[in-house]
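A structural walkthrough
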Amino acid sequence: IAHSNTSTFCAGLLFCAVIWHGVERRFVDRKPGLGWMKKGPELFALFGFPLLALVMFALMLMYAKGTGIGYRLNTMLSNRLLRGVEAWKSYGLKPFGTPFEQHGAGFSTFPSNIYNFVDSTYPLVLLRYGWVTLLARSLSWGLTAHRARRCGDRRLLLVMGIIAVHAFSE
């Protein structure tokens, strides 16, 4: 049995996107004044990866400073902030990162005594591959989304938005 809150949330996001597509076809495309409603999801796909990376780093800073909301959010996110902050304190921020070994069992049948697996993609890329790689990935993300938007490839934009949300906690 696989258990993943993130996958459930992303499946719900996909379901909402399918409903939004139907609403768009019925109402937004037929009314010239509602064209601005298409830009919201497109802009999220365009800036989703760098924006959610900044949100994750802000949450990690809140947790590192010991704020109450940081601890509550860490509990809600299943210790995603704790593992990132521990890795940050251990390895620091370097331009091209620090390769470090990760151990973890998660919901595995065989529990691990040592669990230091950084679950969120954003701090993992920042710490393990460096801030240069994170900036390059964010830039290429934006360029790819911009090109898909110009070509009218809304499916790619949808997939990129869901990947950005999924990378927040997996």
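Just so it is clear, the structure is predicted and the values come from calculations on it, not from any experiment. (Residues numbered from 1 in each chain as written. Predicted model: local features only at pLDDT ≥ 70, side-chain atom pairs only at ≥ 80, totals over all residues. Heavy atoms only, no water.)

Turning to helix α5 (residues 121-129), a few remarks are in order. All of the buried residues along α5 are Y122, P123, L124, V125, L126 and L127. Residues of α5 that are buried make contact with α2 (39-65), α4 (80-91), α6 (131-151) and α7 (154-169). In the segment just after α5, G130 is the residue with positive phi, at about 100°. (Buried < 20%, exposed > 50% of the residue type's maximum accessible area, 1.4 Å probe, protein only. Helix = DSSP H or I, 4+ residues; strand = E, 2+ residues; numbered from the N terminus. Contact = heavy atoms within 4.5 Å.)

Below, the discussion takes up the packing of aromatic side chains. This model, assessed by the stated rule, comprises three aromatic pairs. Seen from their ring centres, Y63 and Y71 are 4.7 Å apart, and the 70° between their planes marks the pair as edge-to-face. Residue Y63 is classed as buried on the basis of its relative accessible area of 12%. Owing to a relative accessible area of 42%, Y71 belongs among the partly exposed residues under this scheme. By way of ring pairs, the aromatic residues F49, Y122 and W141 are connected into one cluster. (Phe/Tyr/Trp six-rings, centres within 6.5 Å; stacked < 30°, edge-to-face > 60°.)

Turning next to the confidence of the model for the protein. Per-residue confidence for the protein gives a mean pLDDT of 79; residues scoring 70 or more make up 82%. Of all the helices and strands in the protein, helix α1 (residues 5-28) carries the lowest mean pLDDT, 74, while α6 carries the highest, 90. (pLDDT = per-residue confidence, 0-100.)

With respect to the secondary-structure elements, R83 resides in helix α4. There is a polar contact of 3.3 Å between the side chain of R83 and the side chain of E86. (Polar contact = N/O pair within 3.5 Å; in protein donor to acceptor, adjacent residues only side chain to side chain.)

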